[in-house]
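Below are the chains, spelled out letter by letter.
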Amino acid sequence: MALPGDITRTDPALIDDSNSSYVMQQVMEGLVALKPGTTSEVVPALATEWDISADGLTYTFTLREGVKFHDGTDFNADAVKINYERWRNFPPELQDYSYYAGAVFGGYGDTSNIASVDVMSPTLVAIHLNSPSSSFLIAQTLTVFSLSSPKALADGKADNSELDVSKITYAQGGPTAMVGTGPFKYKEWVVGDHVTIEKNADYWNPDGAAYLDEIVFKPVAEE
């Protein structure tokens, strides 16, 4: 598969380019997604349903059961909380790379519109906002809000503010990079040459299972 350029990083939270998104959309998933062929109809993904409070400040998501990240760890409400709190509290050294989190949430830390995330059960999580946001739900369909394995984030030193982003293995294609729940799994990234993903034989959705065993994305600069 040809791409008009190389990807930038292998951490979905730290990208703002289409090439990276094209690849990650096969590997990573969020709570919700866009209905194919639409740009505004939100449909279930890792969340099966959701409820919005009357004041627009609390989004309560019911999560799919039995879903595993590609590293074999469980997808659950704790994993959702870790990801959302990560986006809310990016260290200053990484905030310039996590543009969308700051833009969508209105800032980081105390300035974020994310007030808190509550785990109510392994399959129920509530995200509380400081002020209503009509775009909050559809924004969660962006690739940058794909959910990563907490173990992979930790093993890949994803938020180590003492490291330059070029040294963070989760962002630079290390063995724990791009660990999601999608129909394909990340295999390797050879910078400037190719990115390879392979079939996830244990994908939770049989209707969306990968048909191909492997896809190799190659940057081709010439139109």
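Residues numbered from 1 in each chain as written. Predicted model: local features only at pLDDT ≥ 70, side-chain atom pairs only at ≥ 80, totals over all residues. Heavy atoms only, no water.

## Focus: the sheet that holds strand β5 (residues 58-63)
Within the open sheet, the four strands sit side by side as β4-β5-β7-β6. Their pairing is antiparallel. Where the open sheet ends on each side, the last strands, each with one partner, are β4 (47-52) and β6 (114-121). Averaged over all neighbouring strand pairs, the angle between strand axes comes to 20°, with direction disregarded. Of the pairings in the sheet, the one linking β6 to strand β7 (residues 124-129) comprises six bridges and is antiparallel in character. Looking at β7, one finds that Ser-121 is bridged to Leu-124. Sitting on the sheet, helix α2 (residues 77-88) touches β5, β6 and β7, and the angle it makes with β6 is about 170°. (Pairing = 2+ DSSP bridges. Helix = DSSP H or I, 4+ residues; strand = E, 2+ residues; numbered from the N terminus. Axes fitted to C-alpha atoms, helices over the stretch in contact; angles between N-to-C directions. Contact = heavy atoms within 4.5 Å.)

## Details of the sheet that holds strand β10 (residues 214-219)
Across the sheet, which stays open at both edges, the four strands sit in the order β1-β10-β9-β8 with mixed pairing between neighbours. In this open sheet, the two strands that pair with only one neighbour each are β1 (2-3) and β8 (184-190). Bridging between β1 and β10 involves two bridges; their strand directions are parallel. Considered in β10, the bridge of Leu-3 is made with Pro-219.

## Description of the nonpolar core
By size, the foremost hydrophobic cluster in this structure holds 57 residues, and its most contacted members are Leu-31, Phe-61, Leu-63, Phe-75, Tyr-84, Trp-87 and Ile-127. When residues of this core are assigned to their parent elements, the largest contribution, five residues, is made by α2. (Core = buried A, V, L, I, M, F, W, Y, C linked by side-chain atoms within 4.5 Å. Buried < 20%, exposed > 50% of the residue type's maximum accessible area, 1.4 Å probe, protein only.)

## A look at the pattern of salt bridges
Under the criterion given, the structure shown has eight salt bridges. Sharing partners across several salt bridges, the network here consists of Asp-11, Arg-86 and Asp-159. (Salt bridge = Lys/Arg side-chain N within 4 Å of Asp/Glu carboxyl O.)

## Looking at the packing of aromatic side chains
Working definition: an aromatic ring pair is given by the centre-to-centre distance plus the angle between the planes. Following the criterion strictly, the structure yields 10 aromatic pairs and no others. Summarising the aromatic geometry, the rings of Phe-69 and Phe-75 are spaced 6.0 Å apart at their centres and angled 75° between planes, so their arrangement reads as edge-to-face. Note on Phe-69: relative accessible area 2%, which makes it buried. When the centroid spacing of 6.5 Å and the interplanar angle of 35° are considered together, the rings of Phe-105 and Phe-136 count as tilted. With Phe-105 in helix α4 (residues 99-105) and Phe-136 in helix α5 (residues 136-139), this residue pair connects regions lying 31 residues apart in the sequence. There is no split in this pair, since Phe-105 and Phe-136 are both buried. (Phe/Tyr/Trp six-rings, centres within 6.5 Å; stacked < 30°, edge-to-face > 60°.)

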